[in-house]
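A closer look at the structure
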Amino acid sequence: ALELLEFRPALNCYSCAAPKSCAEFVLGKGEKSMLVAIDGTGEWSPSLYYQNNHNSLIAQLVRETRQNPKKYVAGPTLDGDSCFSAAWAIALDIKRTVGADRGPVFLAGHSRGGAICIAVAGLLRQDNILVECMMLFDAVNRSLSLNAATIPGNVKYAYHAMRNDVVGSRPWFGHCGTSIESPGVLVTYRFNATHAGVGGTPWSGAGSKSWFRDRPTAAWMNKERDQKGTNEVKNWAWMMMRRRAMI
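Residues numbered from 1 in each chain as written. Predicted model: local features only at pLDDT ≥ 70, side-chain atom pairs only at ≥ 80, totals over all residues. Heavy atoms only, no water.

**A closer look at the nonpolar core**
The biggest cluster of nonpolar side chains holds 34 residues, and the ones touching the most others in it are Ile-94, Leu-107, Ile-116, Val-120 and Met-134. Elements supplying a minimum of two residues to this core: strand 1 (34-38), helix 3 (83-98), strand 3 (105-110), helix 4 (112-125), strand 4 (131-137) and strand 5 (155-163). With near-sequence residues (within four places) excluded, Ile-116 lies in contact with Ile-38, Pro-76, Cys-83, Ala-86, Ala-87, Ile-90 and Leu-146. The next biggest cluster of nonpolar side chains, apart from the first, holds 28 residues, and it includes Leu-57, Phe-106, Val-233 and Trp-236. (Core = buried A, V, L, I, M, F, W, Y, C linked by side-chain atoms within 4.5 Å. Buried < 20%, exposed > 50% of the residue type's maximum accessible area, 1.4 Å probe, protein only. Helix = DSSP H or I, 4+ residues; strand = E, 2+ residues; numbered from the N terminus. Contact = heavy atoms within 4.5 Å.)

Next up, the structure:
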């Protein structure tokens, strides 16, 4: 079962001893590599968040990765107030974990979780820590507290799966992480999927009532096509990540 490692405004720490509401993976220390994967915006309730995101691509990555330690971080709530605090706390945790080894660091994020990834990389650059690979799933910066427009140059390889504009999924969101500073390498690819579909939780059809499962404006888009888009995103992302031993 996937446990949630949350960072929400009500919490004052990155990992909390309280069960269910803030659970951390049991991780070995002293390893030379580390993966942190941050999911997208979701419900405040941990049980509802898990219900809606337990099979997201971020959650699947954490279950399947070969990296250890590995951490799954629940995304921010709708207001996004915790984004900067989460970035700062995650960066601090990575610095403490990799220590002087400066081993490979891997980051992944969906939606505002992707923006947090970019901010984390910027904080790691201050200590000359390289990010071996960053995988972004339709990264958007919906927080005034983050500087996430451009991926910093301490990220060696970055891959960004983005929704195609013709789908008509949350066009007001825009994107962040569409450029990278030298000498980093960025590869982007667009998919016919909704914002949620790119993250692995495709639109469930016209009867969907959850705000987090967006309703596209393209008349041709339906739940079967969004699921197809999700499958294509996973195939591409997993191929990219295997090249960098991220999974």
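**Let's talk about unusual backbone geometry**
Asn-68 connects to Pro-69 through a cis peptide bond whose omega is 5°. By the element assignment, Pro-69 lies in the loop between helix 2 (57-64) and strand 2 (70-73). The residue after Ser-182, namely Pro-183, is reached through a cis peptide bond having omega 10°. Here Pro-183 is to be found in the loop between strand 5 and strand 6 (185-191). If you check the backbone angles, Asn-128 has positive phi at about 60° while not being a glycine. With phi around 55°, Ala-245 is a residue other than glycine that occupies positive phi space. As for its placement among the helices and strands, Ala-245 is situated in the segment after helix 6 (223-243). On the accessibility criterion, Ala-245 (30% relative accessible area) is partly exposed.

**Some details on the sheet that holds strand 4**
Pairing between sheet strands relies on hydrogen bonds along the backbone, with the strands arranged either parallel or antiparallel. The strand order across the open sheet formed by 6 strands is 2-1-3-4-5-6, and the pairing between neighbours is parallel. Pairing within the sheet leaves two strands with one partner each, and these edge strands are strand 2 and strand 6. Each neighbouring strand pair of the sheet contributes to a mean axis angle of 10°, computed without reference to strand direction. Where strand 3 meets strand 4, 5 bridges bridge the pair, whose relative direction is parallel. Note that in strand 4 the partner of Ala-108 across the bridge is Met-135. Set on the sheet, helix 6 makes contact with strand 4, strand 5 and strand 6; between it and strand 4 the angle comes to about 175°. (Pairing = 2+ DSSP bridges. Axes fitted to C-alpha atoms, helices over the stretch in contact; angles between N-to-C directions.)

**A closer look at the environment of Ala-108**
Looking at the secondary structure, you find Ala-108 in strand 3. On the basis of relative accessible area, Ala-108 is assigned to the buried category, the value being 0%. As for Ala-108 and Tyr-72, which are separated by 36 residues in sequence, their C-alpha atoms are 9.5 Å apart. Not counting the four nearest positions on each side in its chain, Ala-108 is found in contact with Val-36, Ala-37, Ile-38, Ile-58, Leu-61, Cys-117, Met-135 and Met-246.

**Regarding the pattern of salt bridges**
For the structure shown, the criterion picks out 8 salt bridges. For the salt bridge of Glu-181 with Arg-125, the shortest nitrogen-to-oxygen distance reads 2.5 Å. One end of the pair, Glu-181, is in the loop between strand 5 and strand 6; the other, Arg-125, is in helix 4, with 56 residues separating them in the sequence. The residue Asp-165 makes a salt bridge to Arg-190 at a minimum N-O spacing of 3.5 Å. With Asp-165 in the loop between strand 5 and strand 6 and Arg-190 in strand 6, this residue pair connects regions lying 25 residues apart in the sequence. (Salt bridge = Lys/Arg side-chain N within 4 Å of Asp/Glu carboxyl O.)

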